[in-house]
Amino acid sequence: LGNSIVESGNWKKLLMDSSVINRGIFGDNTFGVLARLDEIIRHKPRKLFLLIGINDLSKDVPKAVVLENIFSIVSQVKGRLPKTEVFVHSLLPVNPSVKGFPASFSKQAAIEEVNGQLKKYDTVFKYTYVNLYNDLLDGHNKLDAELTVDGLHLNASGYDRWVSYLKKNKCL
C-alpha cells in the first residue's frame with residue numbers, strides 16, 4: 001500500500017505469490033491512503049506493507065502531519081483487523097545527483113527525521129518497522145544510483161534489494 005514506488009513493483013512476480021494485491025497509486029500521499037482505507041480493509045489482508053509519505057514531504061506537508069497520518073492508518077487497520085500484521089517501511093533515500101531527479105523531492109533531512117519517528121513508535125502502534133533506507137544507501141548517504149531510475153523511483157535491482165531485505169528480515 002502506498003505511492004508510485006509501491007505501484008511500480010511487480011509484486012506478484014517479485015514475491016512469486018499470485019494472491020498479492022498491489023495498492024500503490026502514483027502520486028498518492030498519506031491523505032489519499034486514509035481516504036481509501038475502507039477499500040484496503042475490505043480485502044482483510046493477512047499482512048499489510050505500507051510505504052507512504054514522500055509525496056507529502058515534496059509538497060511541504062509538515063513532518064508531524066505525515067507521521068500523524070501514518071499512525072492513524074496503522075491504528076485504523078489494527079483496530080479493524082487486529083490479526084493483520086502491519087509492516088511500516090522507512091521512507092527511501094533519494095539521490096538528487098541522478099539525471100531526471102524531481103527537485104521537489106530533495107528532502108533528505110526530513111526523510112531521516114520521519115524515519116527516526118517511525119522507528120521510535122513501532123512498539124507503541126504495534127507494527128514492524130522495515131528500515132529499508134539503510135539498505136539502499138550508497139557511500140555518500142544517498143540512494144544508490146545503481147538502484148534507481150531517477151534518484152527517487154527504484155529500478156529492477158532496487159526492487160530485488162527490497163525483496164531480499166524482506167526475506168532476510170523474515171517479513172514474508
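See the structure printed just above.
Residues numbered from 1 in each chain as written. Predicted model: local features only at pLDDT ≥ 70, side-chain atom pairs only at ≥ 80, totals over all residues. Heavy atoms only, no water.

Colleague: What is the right way to look at the overall build of the protein in this model?
Modeller: A count of helices and strands for the protein gives 10 helices and 3 strands. Along the protein, from the amino end to the carboxyl end, the secondary structure elements read α-α-α-α-β-α-α-β-α-α-β-α-α. For the protein, whose C-alpha radius of gyration is 15 Å, the value lies close to the compact-globule estimate of 16 Å for 172 residues. Along the three orthogonal principal directions, the C-alpha set of the protein runs to about 45 × 35 × 25 Å. With 172 residues in all, the protein has 49% of them scored as buried. Put simply, 68% of the contacts in the protein that link residues at least 6 apart link residues at least 24 apart. Counting every atom, the protein has about 8700 Å² of accessible surface; 53% of that belongs to carbon and sulfur. Counting 23 positive and 18 negative side-chain charges, the protein places the centres of these two groups 7 Å from one another. (Helix = DSSP H or I, 4+ residues; strand = E, 2+ residues; numbered from the N terminus. Rg over C-alpha atoms; globule rule 2.2 N^0.38 Å. Buried < 20%, exposed > 50% of the residue type's maximum accessible area, 1.4 Å probe, protein only. Contact = heavy atoms within 4.5 Å. Areas by Shrake-Rupley, 256 points an atom, 1.4 Å probe, with all protein chains shown as cover. Lys, Arg positive; Asp, Glu negative; His and termini not counted. Charge placed at Lys NZ, Arg CZ, Asp CG, Glu CD.)

Colleague: Is there a simple way to think about helix 10 (residues 156-168) in this case?
Modeller: Structural remark: α-helix, 3.6 residues per turn; residues separated by three or four positions point the same way. Here helix 10 contains 13 residues, and its C-alpha end-to-end distance of 18 Å stays within 8% of the 18 Å for a straight helix at 1.5 Å per residue. Here helix 10 has its buried residues at Gly158, Tyr159, Trp162, Val163, Tyr165 and Leu166. End-on, the buried residues of helix 10 take up no more than an arc of 155 degrees, which puts them together on one face. Among the exposed residues of helix 10, those oriented more than 90 degrees off its buried face are Ala156 and Lys168. For helix 10, the N-terminal capping position is held by Asn155, with its side-chain oxygen 3.0 Å away from the main-chain nitrogen of Ser157. (Expected span 1.5 Å × (residues − 1). Arc of directions from axis to C-beta. Polar contact = N/O pair within 3.5 Å; in protein donor to acceptor, adjacent residues only side chain to side chain.)

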